[in-house]
Amino acid sequence: MRAAALLLLVLATVGLYARVVEHEFVSFDDPIYVTKNPHLDDAFTADGLRWAFTTARGANWAPLTWLSHALDYRWFGLERPGGHHATSVALHALTALLFVVAFARLTGAFWRSFFVGALFAFHPLRVESVAWVSERKDVLCGLFFAATLVAYASYARRPRPLAYAAVLVSYALCLLSKSMGVTLPFVLLLLDIWPLGRATKERYGKLILEKLPLIALALVAATVTFIAQDRAGAVSSLHNLPLLERVANATIGYAAYVHSTLWPTGLACFYPHPSVLDAPHSWVGVRLLAAVGTLTLITAVAIRVRRSEPSLLVGWLWFLGTLVPVIGFVQVGEQSTADRYTYVPSIGLALTLVWGGTRLAQRARIGNATLAVAGGAWIVALAFVTVRQIDTWATNTSLYEHALAVTDGNFKAHNNLGLALERGGDIEAAEAHFVAALEARSNYAPALINLGRVVHERGEFNRARALYTRALEVAPNASVHNNFGVLLLDRGDVGRAREHFERALELDANSHDVLRNLARLYAVGGNADRATEYLERLLELDQTDAWAWYELGIQDSNKRRFDSARRHFERATELEPDAGRGWIGLARVALLEARPTDAIRYFEEAGSREGLSRQNSAKLAYLYLEHGDPTKASDAFKVALEGAGKNSAWANELALLLTTSDDVSVRNLQRALAWARISVTETDESNWEYMSTLATVHAELGNRAEALHWQRKAVELAPSDERDAAVRRLRQLNILLEKPAAEER
């Protein structure tokens, strides 16, 4: 029966979250952890492992989490985000199972423990940790937290070195997943009080001594994490956020988590900290008073009944204590609270609710069956809310639109939704959200940068410059300097652009965007060696950067290093087989090596995968002409001439082809006339050869007067060294039109 119940819990949890396998990656931290993380590809090499254990990427220290993401990357790549989501769901289901097993062993009360696990598994507050790929660290940390409790239950029942070693190993893995597990030794001391009953006056010292190795691990993890967060600039100073404001936000946060547990509505991916908003909410004082009253009342009740029902105080202290690292006393980030922070602390509230609710039901003489039905109904209701909350994480747009619908002043949601809309092509709506973000928080650097980029692309140089200048004042980071450099480069100020790019690189030596921009700057400026230097640095960071391989091929081909250029272009095609640029690069080398047949093949490959640019279509057309394939040449010229701004040389070539081809399927004098007219018009009647082509078409059509008119103009415009050729052509037209040449002089 119990085994079936545990299996049902796992299956129900997986079924509840099954829809996440259809979700995308989101722009909220997923690029940092997965989609733009170049270190995942070689995570299991010596260098990769060293990086995982030393990096402060994401303002966190979580080596095991990085390796978990690397495994998913190896198995699913980036094309199948559903695989990454499925892993998180499986870990969450297993964590729920382990919590049930742990508390069943600790308390001997299986069905109460089962309800704690179900409440944990199905509650909407878990959605952020499970449906957000970046929060893999939550589910991993929770998994090993629960595993540590299982090991500790065995150790407490029968203390022995092997059992204690299992506790240490499980706890170390917990800390390597996320340092929020630093509070676990405190939790074990609570469990010694209840339900284990090990905490007698005579044994207090021994119990604390027993936890010292765990406390040592916790101190190491906490120190390393704080250093990582501080280096990343994520820790707010007391100057920026005074202690009293931290205490007030923490108090409100505790009450908010209790409220969200009992009444989970208005959940969002980000809740702005009141201190960072331009207009503080007038109701903060009211919320603080209500929070103080709520917390005082619950604490007083838990203390009052501690002897008769110690589970209430233990569960309540579990909740309060495990939230300490993230409640805001040490403020990391710009959020006031976060749903994900409740992943482990929620177990404490669940213990209080389940054991306290059972005691109340017993006093009210409510039968176990009635209590089970009521509890089951609550779980089902929570599951329905969870399903709706899961859907909000489906796409960037749904995630941020929902956040804006349930929160006020959400500058981050406005900014991120603006980015999503911009990528979708709705620039006007994107700009409106960037503006809204700045209305909520005028010094929010990402919105200043994004709005600056949008107005820059629209040609509003001065406004973009003003926005970037403001951004530099509030957050002189690599991103601001990089965008400012792009702006200046666009205005032709290469020197100052280079200064901004180099400053950006000083601030972030691993910025792909900055390295790319420096490579482009030096490539355009003709400094191939410096361009190559930055391209090679890019590839040191990410061997899968197809653009960098392609650009390196361009530099090598410019230096006539054809063998290495070919290898670089081939690597680009391996990484992006469906993209055209690698094949274009190979065609470039083939042309430089006088291998026209290969060049044609490579151009055709590029065209079949991604289409050809107008310039490359024209190159292919000329190659077809050289190889005597007028039909394909005609088609390629037509592609080259599609769209606005006709190229007069290509139009002239196509007109000649349509006029002189022996292939009846190609020859078309009316279309030839149209293209010949375009070539003459586009050059303002200044090219004698194009006029001669137009004359030839008119002659073929039998338009005597037009043919002679345009050829005479061609003779007049032809330079002295080419006039004889123009006159000969005029004579040929006379013969063609059966009129003596002398008469036409």
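It should be emphasised that the depicted structure is a prediction, and the values quoted were computed from it without experimental measurement.

A. Broad picture of the overall build of the chain. Of regular secondary structure, the chain possesses 36 helices and zero strands. Taking the principal axes of the C-alpha coordinates as reference, the chain spans close to 130 × 50 × 50 Å. Burial statistics for the chain: of 745 residues in total, 51% are counted as buried. Contacts spanning at least 24 positions in sequence make up 65% of the contacts within the chain whose residues lie at least 6 apart. Of the roughly 33,600 Å² of accessible surface on the chain, 57% is carried by carbon and sulfur atoms. Across the chain, the mean location of the 76 positive side-chain charges is 11 Å away from that of the 77 negative side-chain charges.

B. How the structure looks around the environment of Ala504. Tracing the chain through its elements places Ala504 in helix H23 (residues 494-507). Taking the relative accessible area as the measure of exposure, Ala504 reaches 0% and is therefore buried. Every residue in contact with Ala504, bar those within four places of it in the chain, is listed here: Ala478, His481, Asn482 and Val514.

C. Fine view of a positive patch on the surface. A cluster of like positive charges, contributed by Arg105, Arg157, Arg158 and Arg160, occupies part of the molecular surface. The topology assignment puts Arg158 in the loop between helix H8 (136-157) and helix H9 (161-177).

D. Geometry of unusual backbone geometry. Here Trp194 and Pro195 are connected by a cis peptide whose omega angle stands at 10°. Its place among the elements puts Pro195 in the loop between helix H10 (184-193) and helix H11 (204-231). Positive phi, close to 70°, is recorded for Asp29, a residue that is not glycine. Mapped onto the fold, Asp29 is located in the loop between helix H1 (2-16) and helix H2 (30-35). Notably, Ala59 is not glycine yet its phi reads approximately 55°, a positive angle. Relative to the elements of secondary structure, Ala59 occurs in the loop between helix H3 (46-54) and helix H4 (63-76). Residue class for Ala59 comes out buried when judged on its relative accessible area of 13%.

E. Structural context of the packing of aromatic side chains. Summed over all chains, the structure comprises 25 aromatic pairs. Plain terms: the ring middles of Tyr254 and Phe319 are 5.9 Å apart, the flat faces sit at 65° to each other, and that makes the pair edge-to-face. Taken together, the residues span a long stretch of sequence, with Tyr254 in helix H12 (residues 243-262) and Phe319 in helix H14 (residues 310-322) at a distance of 65 residues. Neither Tyr254 nor Phe319 differs from the other in exposure class; each is buried. One aromatic cluster is present, formed by Phe99, Phe103, Phe120, Phe145, Trp318 and Tyr343 through successive ring pairs. Against the face of Phe411 rests Arg441, its NZ or CZ located 5.0 Å from the ring centre. It is Arg491 that lies over the ring of Phe461; its NZ or CZ is 4.1 Å from the centre.

Rules used throughout
- Residues numbered from 1 in each chain as written.
- Predicted model: local features only at pLDDT ≥ 70, side-chain atom pairs only at ≥ 80, totals over all residues.
- Heavy atoms only, no water.
- Helix = DSSP H or I, 4+ residues; strand = E, 2+ residues; numbered from the N terminus.
- Buried < 20%, exposed > 50% of the residue type's maximum accessible area, 1.4 Å probe, protein only.
- Contact = heavy atoms within 4.5 Å.
- Areas by Shrake-Rupley, 256 points an atom, 1.4 Å probe, with all protein chains shown as cover.
- Lys, Arg positive; Asp, Glu negative; His and termini not counted.
- Charge placed at Lys NZ, Arg CZ, Asp CG, Glu CD.
- Patch = residues over 30% accessible without salt bridge, like charges linked within 9 Å, V, L, I, M, F, W, Y side chains within 5 Å.
- Salt bridge = Lys/Arg side-chain N within 4 Å of Asp/Glu carboxyl O.
- Phe/Tyr/Trp six-rings, centres within 6.5 Å; stacked < 30°, edge-to-face > 60°.
- Lys NZ or Arg CZ within 6 Å of the ring centre and 35° of its normal.

By themselves, these are just geometric observations and shouldn't be taken as functional.
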